[in-house]
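Single-letter residue listing:
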Amino acid sequence: MTSLLVPGAAARQAAVRERIRVRGVVQGVGFRPFVHSLATGLGLTGWVGNDAAGVVLELEGPPAALAEFRRRLVEEAPRLAVVDGVSAEPLPVCRGTGFTIAASSEAGFGVVAMVPPDVAACDACLAEIADPADRRFRYPFGNCTDCGPRFTVITGTPYDRSRTTMASFALCDDCARERADPRDRRFHAEPTACPACGPVLALGALSGEDALAEARHLLAEGRIVAIKGLGGYHLACDAGDEHAVAELRRRKARPDKPFALLVADLDAARSLAHVDQAEAAALTSPARPIVLLQARPDARTAPGVAPGLDELGVQLPSTPLHVLLLAQPGPTALVLTSGNLTDEPLAFDDTDARTRLAPLADGFLVHDRPVHLPCDDSVVRIVDGAPTLLRRSRGYAPLPVRLARAVRPVLAVGGDLKATVCLAAGTDAWPGQHVGDLGSAEGAAALERSAHHLVDLLKVRPEVIACDAHPGYASVRLAEQLARSWDVPLVRVQHHHAHIASALAEARLDEPAVGVAFDGTGYGCDGTIWGGEVLIVDPDGDSRRVGHLAPVLLPGGDAAVRRPARSALAHLAAAGVPWDSDLAPVAACSPVELGIVRRQLETGFGCTMTSSVGRLYDAVAALCGVRQEVSYEAQAALELEVLVRNATAGRLYAFAVRDGVFDAAHVVRSIVADLRAGVTPAVVGARFSASLAAVVIDVAAAACAGAGLGVVALSGGVFANVELLRATRAGLATRGLRVVTHRHVPCGDGGLSLGQAAIAGSTARVRINPEEQSCV
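Residues numbered from 1 in each chain as written. Predicted model: local features only at pLDDT ≥ 70, side-chain atom pairs only at ≥ 80, totals over all residues. Heavy atoms only, no water.

> Please give an account of the overall build of the protein chain that cites residues and values.
Along the protein chain, the regular secondary structure elements total 24 helices and 32 strands. The globule rule puts the C-alpha radius of gyration for 776 residues at 28 Å, and the 28 Å found for the protein chain is close to it. Expressed as lengths along the three principal axes of its C-alpha atoms, the size of the protein chain is roughly 95 × 65 × 45 Å. Relative to its 776 residues, the protein chain shows a buried fraction of 60%. A separation threshold of at least 6 residues defines the contact pool for the protein chain, and within that pool the share at least 24 residues apart is 73%. Per element, the accessible surface of the protein chain, about 28,100 Å² overall, is 53% carbon and sulfur. Positive and negative charge centroids in the protein chain, built from 75 and 86 side chains respectively, lie 2 Å apart. (Helix = DSSP H or I, 4+ residues; strand = E, 2+ residues; numbered from the N terminus. Rg over C-alpha atoms; globule rule 2.2 N^0.38 Å. Buried < 20%, exposed > 50% of the residue type's maximum accessible area, 1.4 Å probe, protein only. Contact = heavy atoms within 4.5 Å. Areas by Shrake-Rupley, 256 points an atom, 1.4 Å probe, with all protein chains shown as cover. Lys, Arg positive; Asp, Glu negative; His and termini not counted. Charge placed at Lys NZ, Arg CZ, Asp CG, Glu CD.)

Structure representation (structure tokens):
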């Protein structure tokens, strides 16, 4: 225990004693040292400690001093703390003479402590590594109570060094003295370390500065280096070296998907892209996400960094290691991409990384601090001045989302793309970190590991498991296994219902609403593939389909997803447009492929019905000659968005609407006519996007009027299209409707697990029996 005597004058005054509990993100953020400083400054006696539910303290002193303490406890809390609740109860006076930090106490399941995310290096720690007189000069692993690893190193709660991956690093005398000093910013900083006692940097037989210099040398020579960061491994190369970028793409089997860039500071970011005030704030925030920025035409990056796109994903250093890496002579911008092969999970275990990344990397810059849980970089886009998360991971997970309605303990496992898990209980939901796609056994295992870790860390035992309704998903198989293992019910939630519930949950709405969910693929209640849905949902977990895109036959299933040309052929056939060779998707297909697709559409063999707006975007992109084949999800739609960025629609295409069903056949015929009349693909694409927004506005407004509702939620990956989102939101607002969109969780499948948890955890569903397999 650390003790500091208080002035005797306070002890002579009339005193009261209280036990105070603080709930929220209050462990691992310097809260106990803050309480110690505040209490001793006010002349109060007592103690403070962590327990499995948060922070608990006992205080004794004059009533006025305690009242001042309670006020400042919330108003002056550490910058990384999130105080959700403070409760106090009176206790008998003890007449103590000091204030101490007590040893943490454990509790069993059902008592929840919020866990903080990893936090980028603070200015004070960065100043130390730049100061030749400081003992942490150029040390890559400095941290304090205001920054450093948290979620990725915590092995259990309450949060203490013994429950982190730093437990095996014994503190040197200097670090121990700092950690015990109430006046030091490392007072009870659990991951604290220095060159004498902390992790060591290595590259082959080299260590420390030599390892860092060799890594920069390899990068300058156009080589690829695997770098172990906060939450796992990245692959890095010189972003200005086209040969290096192309080689990284070849090795990673990632032909087109854009790479993220790491630069030293805002000035370096501005040399590559336009950065406004909100984007600068996101880049420099403690989360240090990747921020999508409008690229400068003269940006000195290789063309292969983001082919076909006009945006760059840029991030600033999140650790002292990355700061030091960019401070060495060599490239000023690095490609920094996830350390994995395409469709595999992020590598984080050292042995596994050496095996899986050996064919990809020319060198390994590593350290000996274990990563307990992998956590990839987060991705943010600024929309109308506000940050919107496209991938929620490092820096954000597992911060809670507050719910409007209490739910029973529930674990939701999301979908098979951009997979996440979400644990919820009461009015808190904790979306886990981005896991990725479940196209491999390793991906499914990573999702399972994430689920178990969140349950163990937060000490919430699920009473129900939630998953997607798709019978073939790997995430569904995991949910079935967990439900059997824990002997709890399994609730299968329709994909688009979960999307809409996710948007409503993060907005803390507890009322019926109309929801519009547009994406590429989601299993519908009728066994077909949905993706252009208008639903009415209510807080009790029920939904009703009141509108949708008119379905068409999709030939070849996954083959059509990879080949937008096939989606175009399907929509041309549905619109009665002959497959003439002047049309780009027809010209892109061989006679054999055209014959196969024609027979599939005539017989229905190998086809599925789909109402997917994502596939409609693919079809339009193919008709406009943008993309006939894709190598990553939404590639055709993204490149179409780039094409139309500065185009003016002029006029709209007309969807045929009947009973909430909007048919694109006339739109497709109009697009073909415009293209044959010489209208540019950019204008055609702009007309299509504006027309889609217009029909959404009409159908959603009609649904609201018919049901007497005033709220519309927009969700699904298609609404990552900024212009579609803006136009739809603005049009609905002019109809007097409140519009709910995503900010804190992704609009795509990364947000599914939150929606599943909100639905399956609804108190209206408590009556489900353990053996019941329900679908909502």
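After that view of the structure, there is still more to cover.
> Mind laying out unusual backbone geometry, listing which residues take part and the relevant values?
Residues Ala397 and Pro398 are joined by a peptide bond in cis, for which omega reads 5°. As for its position among the elements, Pro398 is in the loop between β18 (386-391) and β19 (401-412). Even without being a glycine, Arg288 presents a positive backbone phi close to 45°. Assignment of secondary structure puts Arg288 in the loop between α9 (277-283) and β13 (290-295). Here Arg288 falls in the buried class, since its relative accessible area comes to 12%. Non-glycine residue Arg508 carries a positive phi angle of around 60°. Among the structural elements, Arg508 can be located in the loop between α14 (495-506) and β23 (513-523).

> Explain helix α23 (residues 722-734) to me, using residue names and the numbers behind them.
For α23, which comprises 13 residues, the first-to-last C-alpha distance of 18 Å matches the rise-based estimate of 18 Å (1.5 Å per residue) to within 8%. Those residues of α23 lying buried are Val722, Leu724, Leu725, Thr728, Gly731 and Leu732. At its buried positions, α23 is contacted by β17 (379-383), α19 (613-623), α20 (635-643), α22 (681-707), β30 (711-715) and β31 (738-740). (Expected span 1.5 Å × (residues − 1).)

> I'd love a proper account of the environment of Glu533, names of residues and values included.
Assignment of secondary structure puts Glu533 in strand β24 (residues 529-537). Judged by relative accessible area, Glu533 falls into the buried class, the value being 0%. Along the sequence, Glu533 and Asp384 sit 149 residues apart, while their C-alpha atoms lie 25 Å from each other. Other than its neighbours up to four places away in sequence, Glu533 contacts His496, Gly515, Val516, Ala517, Phe518, Arg545, Gly547, His548 and Ser611. A distance of 2.6 Å separates polar atoms of two side chains, one belonging to Glu533 and the other to Arg545. (Polar contact = N/O pair within 3.5 Å; in protein donor to acceptor, adjacent residues only side chain to side chain.)

> Explain the packing of aromatic side chains to me, using residue names and the numbers behind them.
In total, this model carries six aromatic pairs according to the counting rule given. Among the aromatic residues, those joined into a cluster by ring pairs are Phe518, Phe655, Phe662 and Phe719. Sitting over the face of the ring of Phe259, Arg249 holds its NZ or CZ atom 4.1 Å from the ring centroid. (Phe/Tyr/Trp six-rings, centres within 6.5 Å; stacked < 30°, edge-to-face > 60°. Lys NZ or Arg CZ within 6 Å of the ring centre and 35° of its normal.)

> Residue-level account of the side chain of His742, with values.
Take His742: it is sitting in the loop between β31 and α24 (752-760). According to the relative accessible area criterion, His742 is buried, its value standing at 5%. Side chain to side chain, His742 and Ser715 meet in a polar contact 2.7 Å long. Engagement of the side chain of His742 in a polar contact is seen with the backbone oxygen of Val745, the distance being 3.4 Å. In this structure, His742 is in contact with Thr388, His499, Ser502, Ala503, Glu506, Leu714, Ser715 and Cys747, ignoring residues within four places of it in sequence.

> Can you tell me about the packing of helix α16 (residues 564-574) against α19, naming the residues and giving the values?
A pair of packed helices can be characterised by two numbers: the angle between their axes and the separation between those axes. Where α16 meets α19, the axes come as close as 7 Å, and the angle between the chain directions of the two elements is 95°. As the angle between them shows, α16 and α19 are arranged roughly perpendicular. Between α16 and α19, the residues in contact are Pro564, Ala565, Ser567, Ala568, His571 and Leu572 and Arg615, Leu616, Asp618, Ala619, Ala622 and Leu623, respectively. Residue classes in the contact of α16 with α19 are distributed as eight nonpolar, two polar and two charged. (Axes fitted to C-alpha atoms, helices over the stretch in contact; angles between N-to-C directions. Parallel < 35°, antiparallel > 145°, perpendicular 65-115°, else oblique. Nonpolar A, V, L, I, M, F, W, Y, C, P; charged D, E, K, R; others polar.)

> Describe the packing of helix α12 (residues 441-458) against helix α13 (residues 474-486), and please don't skip the residues or the numbers.
Contact pair α12 / α13: the axes reach a minimum separation of 10 Å and the direction vectors enclose 40°. Considering their axes alone, α12 and α13 lie oblique with respect to each other. α12 and α13 meet at a crossing whose hand is right-handed. For the pair formed by α12 and α13, the contact residues are Leu447, Glu448, Ala451, His452 and Val455 on the first element and Ser475, Leu478, Gln481, Leu482 and Trp486 on the second. Within the contact of α12 with α13, the residues separate by chemical class into six nonpolar, three polar and one charged. (Left-handed = near helix turned anticlockwise from the far one by under 90°.)

> Describe the nonpolar core, and please don't skip the residues or the numbers.
Formed by 70 residues in total, the largest nonpolar core has its most connected members in Phe655, Phe688 and Leu692. Considering each element in turn, this core owes the most residues, 13 residues, to α22. Leaving out residues up to four positions away in the same chain, Phe655 has contacts with Leu549, Leu616, Phe662, Asp663, Ala664, Val667, Phe688, Ser691, Leu692 and Val695. In this structure, Cys375, Leu457, Leu458 and Ala483 belong to the second largest nonpolar core, which totals 66 residues. (Core = buried A, V, L, I, M, F, W, Y, C linked by side-chain atoms within 4.5 Å.)

> Can you break down the pattern of salt bridges residue by residue, with the values?
Following the criterion strictly, the structure yields 52 salt bridges and no others. Taking the shortest distance from any N to any O, the salt bridge between Arg645 and Glu641 comes out at 3.7 Å. Note on Arg645: relative accessible area 22%, which makes it partly exposed. Its salt-bridge partner being Asp698, residue Arg735 comes within 2.6 Å of it at the nearest N-O pair. Of this pair, Arg735 sits in the loop between α23 and β31 while Asp698 is found in helix α22, placing the two residues 37 residues apart along the sequence. By relative accessible area, Asp698 is classed as partly exposed at 41%. (Salt bridge = Lys/Arg side-chain N within 4 Å of Asp/Glu carboxyl O.)

> Go over the pairing of strand β3 (residues 45-51), please, and point to the residues and values.
Most of β3 sits out of view: six of its seven residues are buried. As defined by bridge partners, β3 adjoins strand β4 (residues 54-61) across seven bridges and the pair is classed as antiparallel. Residue Asn50 lies in a different strand from β4, and its bridge partner there is Val55. In this sheet, strand β6 (residues 98-101) lies alongside β3 in parallel orientation, the contact comprising three bridges. In the sheet register, Trp47 faces β6, and the bridge partner there is Thr100. (Pairing = 2+ DSSP bridges.)

> Describe the environment of Leu326, with residues and values.
In this fold, Leu326 is placed in helix α10 (residues 320-327). Judged by its relative accessible area of 12%, Leu326 is buried. As for Leu326 and Asp265, which are separated by 61 residues in sequence, their C-alpha atoms are 9.7 Å apart. Leu326 has contacts with Arg216, Leu262, Val263, Ala264, Pro317, Pro331, Thr332 and Leu334, leaving out every residue within four places of it along the chain.

> Help me get a handle on helix α7 (residues 242-252), residues and values and all.
Those residues of α7 that sit buried are Ala244, Val245, Glu247, Leu248, Arg249 and Lys252. In this fold, the buried residues of α7 make contact with β10 (233-238) and β15 (333-338). A side-chain oxygen of the first residue of α7 lies 3.0 Å from the backbone nitrogen of His243; this N-cap is Asp241. Positioned one or two residues after α7, Ala253 has a phi angle of 60°, which is positive.

> Go over the side chain of His470, please, and point to the residues and values.
The topology assignment puts His470 in the loop between β21 (464-468) and α13. Looking at His470, its side chain comes within polar contact range of the main-chain nitrogen of Gly472, at 2.9 Å. When residues no more than four places from it in sequence are discounted, the contact partners of His470 are Val476 and Tyr523.

No statement about biological role is implied by the geometric values presented.
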